[in-house]
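The residues making up each chain are set out below.
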Amino acid sequence: MRCPYCGTLEDKVIESRTMANGESIRRRRECIACGYRFTSYERIEEKPFMVIKRDGRRQPFDKTKIEKGIERALEKRPVSAAMIDTLLTEIEDEAFMMGKATREISTAELGELVLRHLDNMDKVAYIRFASVYKHFENLEEFITEVNKLGGGKKSE
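Because the structure is predicted, anything quoted here is derived from the model rather than measured.

**Here we look at the sheet that holds strand E5 (residues 58-60)**
Line of reasoning, step 1. Reading across the sheet, the three strands line up as E5-E4-E6 and stay open at both edges, with mixed pairing between neighbours. In this open sheet, the two strands that pair with only one neighbour each are E5 and strand E6 (104-106). On average, each strand axis in the sheet is tilted by 30 degrees relative to the strand beside it, whichever way the strands run.
Line of reasoning, step 2. With three bridges connecting them, strand E4 (residues 50-52) and E5 associate as antiparallel partners.

See the structure below:
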């Protein structure tokens with residue numbers, strides 16, 4: 001495995017952990033040349049997992065698209081990179097489990113899955129993501145979504 005820091009191909013596995021109900025393995029590695037530690041994931045290569053777009057087109061699942069949306073929603077929020085990585089892994093694992101039989105998931109299901117996880121993590125990030133994902137047409141739709149979260153009012 002090529003070191004992302006120095007590019008050397010020599011590394012050693014420090015720790016291996018089974019993830020996603022045994023469908024993948026997470027490996028912590030250390031570069032022998034520079035000592036940099038990094039993570040790799042090992043999965044069985046199967047037919048691609050597809051995402052069904054709103055217009056009916058099918059595209060291969062791309063974790064980086066979800067990652068960009070989540071990172072934008074969590075921008076300047078008190079959430080660590082490790083928490084974001086965990087969130088992405090949970091969303092990816094759950095999406096694969098939801099679409100296990102057909103090897104596909106709709107963008108609607110995927111979006112709701114992301115929203116559910118963001119709702120548990122950060123309400124501001126939830127609203128940011130929802131405002132893009134749900135394509136609010138007017139202020140009333142936005143306010144309705146905020147009110148679903150409790151509107152930010154504190155109960156005493």
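Picking up after the structure, the text goes on.
**What about the confidence of the model for the protein chain?**
Line of reasoning, step 1. Taken residue by residue, the protein chain gives an average pLDDT of 86. The fraction at 70 or more is 94%.
Line of reasoning, step 2. Ranking the elements of the protein chain by mean pLDDT puts helix H5 (residues 139-148) last, at 76, and strand E2 (residues 24-31) first, at 94.
Line of reasoning, step 3. The low-confidence segment residues 151-156 (pLDDT under 50) makes one contact with residues lying over four places distant or belonging to another chain.

**Topic: unusual backbone geometry**
Line of reasoning, step 1. The backbone phi angle of Lys76 is positive, close to 60 degrees, even though this residue is not glycine.
Line of reasoning, step 2. When you line up the elements, Lys76 lands in the loop between helix H1 (63-73) and helix H2 (81-98).
Line of reasoning, step 3. Here the phi dihedral of Arg103 falls at roughly 65 degrees; this positive angle occurs in a residue that is not glycine.
Line of reasoning, step 4. By the element assignment, Arg103 lies in the loop between H2 and E6.
Line of reasoning, step 5. Overall, the relative accessible area of 18% leaves Arg103 in the buried class.

**Some thoughts on the pairing of E2**
Line of reasoning, step 1. Relative to E2, strand E1 (residues 11-19) runs antiparallel, the two sharing eight bridges. From the neighbouring strand, Asp11 faces E2, where its bridge partner is Cys31.
Line of reasoning, step 2. Between E2 and strand E3 (residues 37-43), which follow one another and run antiparallel, lie five residues, and Gly35 among them has a positive phi close to 85 degrees.

**Notes on a nonpolar patch on the surface**
Line of reasoning, step 1. Taken together, the side chains of Leu139, Phe142 and Ile143 make up a nonpolar region of the molecular surface, amounting to roughly 260 Å² of accessible area.
Line of reasoning, step 2. Relative to the helices and strands, Phe142 is located in helix H5.

**Examining the side chain of Glu92**
Line of reasoning, step 1. Mapped onto the fold, Glu92 is located in helix H2.
Line of reasoning, step 2. Engagement of the side chain of Glu92 in a polar contact is seen with the side chain of Arg43, the distance being 3.2 Å.
Line of reasoning, step 3. Leave out the neighbours within four places in its chain, and Glu92 touches Arg43, Phe61 and Lys63.

**Quick notes on the packing of helix H4 (residues 123-133) against H5**
In a pair of packed helices, the angle between the axes and the distance between the axes together describe the arrangement.
Line of reasoning, step 1. Closest axis-to-axis distance for the H4/H5 pair is 11 Å, and the angle between their directions is 145 degrees. Crossing angle aside, the handedness with which H4 passes H5 is right-handed. Packed against H4, whose contacting residues are Tyr126, Ile127, Ala130 and Ser131, the element H5 presents Phe142, Glu145 and Val146 at the interface.
Line of reasoning, step 2. Residue composition of the contact of H4 with H5, grouped by class: five nonpolar, one polar and one charged.

**Considerations on the packing of aromatic side chains**
Line of reasoning, step 1. Per the stated rule, a full pass over the model turns up five aromatic pairs.
Line of reasoning, step 2. Their ring planes at 15 degrees and their centres at 5.3 Å tell us that Tyr5 and Tyr36 sit as a pair that is stacked. Taken together, the positions of Tyr5 in the segment before E1 and Tyr36 in the loop between E2 and E3 put the pair 31 residues apart, joining distant regions of the chain.
Line of reasoning, step 3. Ring geometry for Phe49 against Phe61: centres 5.8 Å apart, planes inclined by 75 degrees, an arrangement best described as edge-to-face.

Parameters and conventions
- Residues numbered from 1 in each chain as written.
- Predicted model: local features only at pLDDT ≥ 70, side-chain atom pairs only at ≥ 80, totals over all residues.
- Heavy atoms only, no water.
- Pairing = 2+ DSSP bridges.
- Helix = DSSP H or I, 4+ residues; strand = E, 2+ residues; numbered from the N terminus.
- Axes fitted to C-alpha atoms, helices over the stretch in contact; angles between N-to-C directions.
- pLDDT = per-residue confidence, 0-100.
- Contact = heavy atoms within 4.5 Å.
- Buried < 20%, exposed > 50% of the residue type's maximum accessible area, 1.4 Å probe, protein only.
- Patch = residues over 30% accessible without salt bridge, like charges linked within 9 Å, V, L, I, M, F, W, Y side chains within 5 Å.
- Areas by Shrake-Rupley, 256 points an atom, 1.4 Å probe, with all protein chains shown as cover.
- Salt bridge = Lys/Arg side-chain N within 4 Å of Asp/Glu carboxyl O.
- Polar contact = N/O pair within 3.5 Å; in protein donor to acceptor, adjacent residues only side chain to side chain.
- Left-handed = near helix turned anticlockwise from the far one by under 90°.
- Nonpolar A, V, L, I, M, F, W, Y, C, P; charged D, E, K, R; others polar.
- Phe/Tyr/Trp six-rings, centres within 6.5 Å; stacked < 30°, edge-to-face > 60°.

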